[in-house]
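# Structural overview
Here is what each chain is made of, one letter per residue.
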Amino acid sequence: MEKAVHLSTKNGPKVPGEPTKTGTSMVDTAASAVQSFAPINQIHQHLCAFHFYAYDMTRQVEAHHFCGHINEDMRQCLIYDGPDANARLIGLEYIVTEKLFMTLPDDEKKLWHTHEWEVKGGFLFMPGVPEAIQRQDLEKVAKTYGKVYHFWQVDLGHQLPIGLPNIMMAVTRDGQLYPEMIKETEKQFGVSMDKERESRAYMKGPDHGIHPLANGGGKGLTLEVREVDIKPVESVPRVFV
Amino acid sequence: MASSDERPGAYPARNGAENQPPGDPETMKTVMIDKGAAMMQSLKPIKQMSLHLCSFACYGHDPSRQIEVNFYVHRLNQDFLQCAVYDSNSSKTHLIGVEYIVSERLFEALSPEEQKLWHSHDYEIQTGLLVTPRVPELVAKTELQNIAKTYGKFWCTWQTDRGDKLPLGAPSLMVSPQDVNMGKIKPGLLKKRDDEYGISTESLKASRVDIMGPERKNPMADYWVHHGKGLAVDIVETEMKKLAPFP
């Protein structure tokens, strides 16, 4: 087996840059006292899970999701590479119920992945929350589909978010995730995925089963950039100064 | 398979009120479970977001499509900021993407291929398009001066402006308003934002005359302005390198 490349993130390179100057941080302190952060205040849940690249399962990343409900059927999550204040914002995820997933066009379904085994297998958990409480929400998550983009390849040691976004996928069966990565996470958060698995054995996945087009439809997925012609920038009539 | 500059196939929207994603309202049970859990979790990374900026962005493959954007900013150090981007500042809002902001110094160290994906910020600050809601200009000045010299990279993952009720397709690379006809923000869009925040862009412009952009604006940034070419993103199928069968 190749050397695991998941050991990115907790001890990864620091983001380059000078320490924040006092004059600058004073603005941020003042701002945070008077501004409204309504969208951020909707975020009320921290989930830890693992993602791998949709074209390369050997590259795996511990992904900390900070999620808010848009409504009962949909959540939107910011993804960080750790649980601490200095964590890097590396991506985002949208989570929808089966009901909403089924309304997507077929080509779109391929970009989404299932959560059934992430939850039932015990790989996804809510740090700090007793299992008995976690279960009440995770039994819903087990039936959902997610769409994840990562923008920062921290597992390659990138100091800055360079390159194109990547679609990510999640574990769908045993044998996909690196055991040593799982052990490290268990140790750091004081969890036992085996125990979680036992307590979640009753849970069910999507009512109609895992859709065959989800999870890339069995194919790998990657992104490419393409130049397109745009109108000459001055050709648009000048209507205002 | 999916491209940022294509319209996805039609799909039935369910329960979708204007501009709201389809779906039922949160049940009380969900709300209670979430509140209970939230009390036990520290949510440290998101508490680091300490600044709200409101501005405008354009689609990199078609800069005539323009949107209002709300950034919630975490400054990691003097040279780097990471931002969650929403299409409004209310609680009923859509997470539409992520923007990273780097100083001129960090930007100059990037490869030219990478620099093409980034945009400058000076024009939108100098013209009062970018604002710091509720924070007086005098207080915000230092940050505005900092950010005017930076470059940003913004991926938009939910095209709510074209009516998508769910996040469809490939991410779009976004670009910033620029001092060319196509890069100027439509008056209707600007007025709507200014009315909502009680702002006068004209007076902001006057108070920002001394705000300067980068020492030397890099011609690889704002690629579309100098080259007449936008950048679109495609998702393509390929073979997945595997350790075990998938899915």
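Our structure's up above, just so we're on the same page.
Note that this is a predicted model, so its numbers are computed, not measured.

### Notes on the nonpolar core
Ranked by internal contacts, the top residues of the largest apolar core, which has 108 residues, are L78 and I167 of chain A together with I46 and I235 of chain B. Leave out the neighbours within four places in its chain, and I46 of chain B touches I40, I43, F66, L78 and Y80 of chain A. Grouped together as the second largest cluster of nonpolar side chains are 14 residues, L47, A49, V129 and M203 of chain A included.

### Quick notes on the environment of V85 of chain B
All names here are of chain B. Tracing the sequence through the fold places V85 in strand β4 (residues 80–86). Taking the relative accessible area as the measure of exposure, V85 reaches 0% and is therefore buried. Residues V85 and I101, 16 residues apart in the sequence, show an inter-C-alpha distance of 12 Å. If near-sequence neighbours (up to four positions away) are discounted, V85 is found in contact with V69, N70, F71, H94, L95, I96, G97, V98, E99 and F154.

### Section: the pairing of strand β2 (residues 56–71) of chain A
Here is the key point about a regular strand: its side chains alternate between the two faces of the sheet. Residues and elements named next belong to chain A. Of all the 16 residues making up β2, 16 are buried; the element is thus mostly covered by neighbouring parts of the structure. Of the pairings in the sheet, the one linking strand β1 (residues 45–53) to β2 comprises nine bridges and is antiparallel in character. Within β2, the position partnered with C48 by the bridge is H64. Taking the residues between adjacent antiparallel strands as the criterion, β1 and β2 are bridged by two residues. As defined by bridge partners, β2 adjoins strand β3 (residues 74–80) across seven bridges and the pair is classed as antiparallel. Its bridge partner being in β3, G68 is matched across the sheet by Q76. Between β2 and β3, which pair antiparallel in sequence order, lie two residues.

Reading guide: rules and limits
Residues numbered from 1 in each chain as written. Chains lettered and ligands numbered in written order. Predicted model: local features only at pLDDT ≥ 70, side-chain atom pairs only at ≥ 80, totals over all residues. Heavy atoms only, no water. Core = buried A, V, L, I, M, F, W, Y, C linked by side-chain atoms within 4.5 Å. Buried < 20%, exposed > 50% of the residue type's maximum accessible area, 1.4 Å probe, protein only. Contact = heavy atoms within 4.5 Å. Helix = DSSP H or I, 4+ residues; strand = E, 2+ residues; numbered from the N terminus. Pairing = 2+ DSSP bridges.

Fair warning: the whole summary comes from geometry, so function is off the table for now.
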